[in-house]
Amino acid sequence: MFRARRPLWVALSLVAALIVAPQAAAAADPLTITDFESGGVPSGVYAWGNDAASTPTLTIEPGPGRPGAPATNRVLKSVYTVSQWGGWSHDLAATQDWSPYEGFAFWVNGAASGQKIFFEVKDGGGGAGAAELFESSFTDDTAGWRQVKVPFGSFTRRADYQPGGAPSDGELDLVAMWGYSMRLPASSQGTLEWDQVELYGTAPPRPVRLSTDRPVYPVNEKGEAKVNVTVTTADGRPLPADLTVTYRTGTGTATPGGDYTPVEGTLTFPAGRASGAAKAFTVKTLKDGQDEVAETIPIELSGTGTRPPAEAPVVVINAHGLPYLNPRKPIKERVADLIGRMTPDEKIGQMTQAERGALGKQSDIATYVLGSLLSGGGSTPSSNTPRAWADMIDAFQLQAQRTRLQVPLIYGVDAVHGHNNVVGATIFPHNVGLGATRDPDLVERAGEITAREVKATGIPWDFAPCLCVSRDDRWGRAYESFGEDPALVSRMATVIDGLQDNGVLATAKHYVGDGGTAYGSSTSGDYTIDQGVTKVGRQELEAVHLAPFVEAVKRGVATVMPSFSSVDFGDGPLKMHAHKELITDVLKGRLGFKGFVISDWQAIDQIPGDYPSDVRTSVNAGLDMIMVPYAYPVFESTLKAEVEAGRVPVSRVDDAVARILTQKFRLGLFEHPYADRSGIDDVGSAAHRAVARTAAARSQVLLKNDGGLLPLRRDARIYVAGSNADDIGNQAGGWTISWQGSSGPITPGTTILSAIRSRASSVTYSRDASAEPAGHDVGVVVVGETPYAEGQGDVGRAGRTLELSAADRAAIDKVCGAMKCAVLVVSGRPLQLGDLSGVEAVVASWLPGTEGAGVADPLFGAVPYTGRLPFTWFRSVAQLPINVGDAAYDPLWPYGWGLRTDRARDRLKAARDRLASGDGFSKAASLVLALPARAWNADGSVRDARAVLGALGTAATLLERSKTDAYTVDDAVVSVARDVAQGAGRRPDLQAAADHELAAGNLRKAVDLLAQAAR
């Protein structure tokens, strides 16, 4: 998915001479924040944009022409050409208290362009990149210098974007400010100069804030709601004088005297009471004997010198007695009853999904009758803990309870390798590593644990798995794919069962063909391949890219997400979000998909045409819910107009809503809308991490092992180097805590270095290999990529390549030139490794997640190396794209390659024992596998290849007819034939083809191909 496209401001240090901290008692004189009287752009001031071209150029220039400025005055000059978004910011190194001041001001040298220019201030949160944003604007209608002055009371919360982790109270508190930003107009170019950013005036006295313990009080008939009222002073000091708060029930949809007993009164807080003191009153409801929808009783609070809650709290008498609320009725009946009661606005609301950070206020959930919210990558509560997530989502669900029909929200999140937005959650290997395990049962278990952690935080919907078939290593999303082979990806669709059998809806994405886009076809910013065009015939699309979605539908996947990309069948590219043939006719028609289709992040905006056309085209193409994610009011009004005009049929809307409601009923959200916190202490637990460790261990692919260097001895003196040896963020990759991920200790876990240290008796670590190498037995150099996500990882974007960094290459050369060594490659895809002649062992470690011990386990022989390549490892980037089945196929290592360090004979014995308890065909296969000792060498490897391969072929034929054999057993049987073929080192094309046939269930063909490769 496409997430958080606006920058998350990076806090930088500020030159002390440019900051004067506001004092508690502010004078009316201006207080300078930035005056640009420096030789260069001040520290903390920086430019940003959606791409390099849209990032303004900032310089410090002479500015004597500004009114009132001295002859030596200097200003900030911004030269810009913005395609989508761009601007500049000043982030403060520490928060400042702006509350004593009236407003915010700056000078700007305009060009009379007539364009509207927005600016914002950053309030609260854990840093400039996680502050709540409040904005204002001015129109560039003056050529020359002017001063813009805006009272803080005129700022409004930015509605189109809020950074992940930002506060969401909607209050401009001003007591902990992180700086400001200037947003330059999109689709424009020009020059503006800026000077003297300052605070001005003296703030008026700040009133005592009134609040309640809850914004919404759901209560049944003949019940009561206890409303706690809290008073909070602006400075946190005790009340300076007696305070009287008046309360009363207002006018809502409930009938006073019939539905409830009206109340009115006062609460007195004497002088000296602490800020945060609370008192309560009670509202009692009555029983009127009618089955009805929910009804509201607003609560009005007032008092001299007070500020009431930004949104009036409300008591809600719960809907009751209606058929759709009866859990004993069939879901189909409940859906039909509920749809029959819905207004057009309520139906359209169910089709709307907004980003949590974009809510202008939480009551927008009820105002716009929203059906869904999501967290984009890095969009988290300000305290990123499991309990804070549960609290946040419960608060959102509480707002949904104030609606007439009380339809619960369905909350979605990108938990693509564990609950990866949450600090402390279990982070599994990315899909590329899971594909390397070739273990569908383990992948299902990973899905189960992900579901348990996601559900414990109140989330019932996961935007995973990615069932893309990645055909080009240059794609920045390659690591989200299980592999290049549709048969392998289809096998790994067991993750859907792991999620959905444990109460979390899965999403098969990105439908269809996102892994097949042509290099250079993308028109999204400076991407080169992501969101591009898949140029393919219908037959190839079906065979390669559609196959995993067929499997997903068979498994009952609840939701499907179309791709940003386009498909070109030869008559021009068509955006998948507009592709009625593939969404309605194929997915919902021929494949029989019964769930609902959710759009990707703001993806309908990429459909050619104006916004009404985007809405009309996408909904008529078969999209059921639209991830807006910021413009939810505009989307709803636009869709309503399209329906009223007859351009979107009511029947299409009803179908979409029925599909959505069906899944909400199946989840039990109407009965249990709030988080089930019984498993919250298991988020990131040792038991869960143990499974992630196993997954990491089985994902390790041993590519080269000259002289049997691996596994290492525990008593060896080990020299560890490389950029990825000691970095949790790098080994977890993108989509970890934030959308793009980041280097460093971003979440608890075990680095590869710490895991090596826990196993080896003597370890020297030198990241850059600058420490003396003498005196060591073996080197381990951990190299690879740093985190990225989506198109920002495309090769060719911003100079990105598939080459190792110069520092990593130097570390390999130095360490491996001094001793025997193993190189571990931590990456999301195959990389150009260069000359490996002096390297004894190479391991593809992929992106193993938080459990670096899983990398060390096979390294030291605690478990064997068993992983296999899910992608062909190219010799040269000039070969790309290269995939199994290509006519010309000469890789460095073929698809399916993976040396093993366990004994082939022991492997076959274990398979034989499991087959002996199966059906007749399995038992017959087990007898065939009872090979005599003379067929084996003392080390458990194959001695008589002809006899062993013959027996394996016969057993494979029997297993193809068995109904009780497990795929892991079949895989073990064929693996012995692979050992023989890899030992011969010939015909990589046949070895790769054999692995495809195995995944496709053609065991005999797989063995025959491997036998042919061994000859």
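What counts and how
- Residues numbered from 1 in each chain as written.
- Predicted model: local features only at pLDDT ≥ 70, side-chain atom pairs only at ≥ 80, totals over all residues.
- Heavy atoms only, no water.
- Helix = DSSP H or I, 4+ residues; strand = E, 2+ residues; numbered from the N terminus.
- Rg over C-alpha atoms; globule rule 2.2 N^0.38 Å.
- Buried < 20%, exposed > 50% of the residue type's maximum accessible area, 1.4 Å probe, protein only.
- Pairing = 2+ DSSP bridges.
- Axes fitted to C-alpha atoms, helices over the stretch in contact; angles between N-to-C directions.
- pLDDT = per-residue confidence, 0-100.
- Contact = heavy atoms within 4.5 Å.
- Salt bridge = Lys/Arg side-chain N within 4 Å of Asp/Glu carboxyl O.
- Polar contact = N/O pair within 3.5 Å; in protein donor to acceptor, adjacent residues only side chain to side chain.
- Phe/Tyr/Trp six-rings, centres within 6.5 Å; stacked < 30°, edge-to-face > 60°.

Chemist: Which residues make up the overall build of the protein, and what values go with them?
Modeler: For the protein, the helix and strand inventory stands at 24 helices and 38 strands. A compact globule built from 1015 residues should have a C-alpha radius of gyration of about 31 Å, and the protein, at 31 Å, falls within 12% of that. Its C-alpha atoms give the protein principal-axis dimensions of about 100 × 80 × 60 Å. Within the span of the protein, comprising 1015 residues, buried residues form 60% of the whole.

Chemist: Could you give me a rundown of the sheet that holds strand β16 (residues 243–249), with the residues and numbers involved?
Modeler: Read from one edge to the other, the open sheet built from five strands follows the order β14-β21-β19-β16-β17, with strand pairing classed as mixed. Strands at the two margins of the open sheet, each flanked by one partner only, are β14 (216–219) and β17 (264–269). Between one strand axis and the next, the sheet turns by 20° as a mean value, whatever way the strands run.

Chemist: Break down unusual backbone geometry for me, citing the residues and quoting the values.
Modeler: Here the amide bond leading from K509 into H510 is cis, since omega sits at -5°, within 30 degrees of zero. Mapped onto the fold, H510 is located in strand β26 (residues 507–511). L710 connects to P711 through a cis peptide bond whose omega is 5°. In this structure, S187 takes a positive phi of about 55° despite not being glycine. When you line up the elements, S187 lands in the loop between β11 (177–184) and β12 (188–200). For A769, which is not glycine, the phi dihedral falls at a positive 60°. Looking at the element boundaries, A769 is found in the loop between β35 (762–765) and β36 (778–784). Judged by its relative accessible area of 0%, A769 is buried.

Chemist: Go over the confidence of the model for the protein with me, naming the residues and quoting the values.
Modeler: Within the protein, residue pLDDT values average 95, and 97% of them lie at 70 or more. Across residues 1–27, confidence stays below pLDDT 50; counting only partners more than four residues off in sequence or on other chains, it has 104 contacts.

Chemist: Tell me about the pattern of salt bridges, and please be specific about residues and values.
Modeler: On inspection of all chains with the given rule, the structure shows 62 salt bridges. Close ionic contact of D439 with R698 constitutes a salt bridge, the shortest N to O distance being 2.8 Å. On the criterion of sequence distance, the pair formed by D439 in the loop between α5 (431–437) and α6 (440–456) and R698 in helix α14 (residues 686–699) is long-range, its members being 259 residues apart. With relative accessibility at 9%, the residue D439 sits in the buried group. Beyond isolated ion pairs, a larger network of salt bridges with shared partners links E120, E135, R158, D160 and R183.

Chemist: Report on the sheet that holds strand β27 (residues 533–535), specifying residues and quantitative values.
Modeler: Sheet strands pair via backbone hydrogen bonds, and the direction of the pair is either parallel or antiparallel. Strand order across the open sheet formed by three strands is β27-β29-β30, with mixed pairing between neighbours. Looking at which strands have only one partner, the edges of the open sheet turn out to be β27 and β30 (574–575). Here two bridges tie strand β29 (residues 566–568) to β30, and the two strands are oriented antiparallel to one another. Within β30, the position partnered with V567 by the bridge is L574.

Chemist: Explain the side chain of T285 to me, using residue names and the numbers behind them.
Modeler: Looking at where T285 falls in the secondary structure, it is placed in the loop between β18 (277–284) and β19 (295–302). A polar side-chain atom of T285 sits 3.1 Å from the main-chain amide nitrogen of K222. Among residues more than four places away in sequence, those in contact with T285 are V219, N220, E221, K222, G223, D259, Y260 and I317.

Chemist: I'd like a rundown of the packing of aromatic side chains, residues and numbers included.
Modeler: Applying the stated rule across the entire model yields 30 aromatic pairs. Measuring from ring centre to ring centre gives 4.9 Å for F106 and F119, while their planes differ by 85°; the resulting arrangement is edge-to-face. Note that F106 is positioned in strand β6 (residues 103–111) and F119 in strand β7 (residues 116–123), a separation of 13 residues in sequence. With respect to class, F106 is no different from F119; both count as buried.

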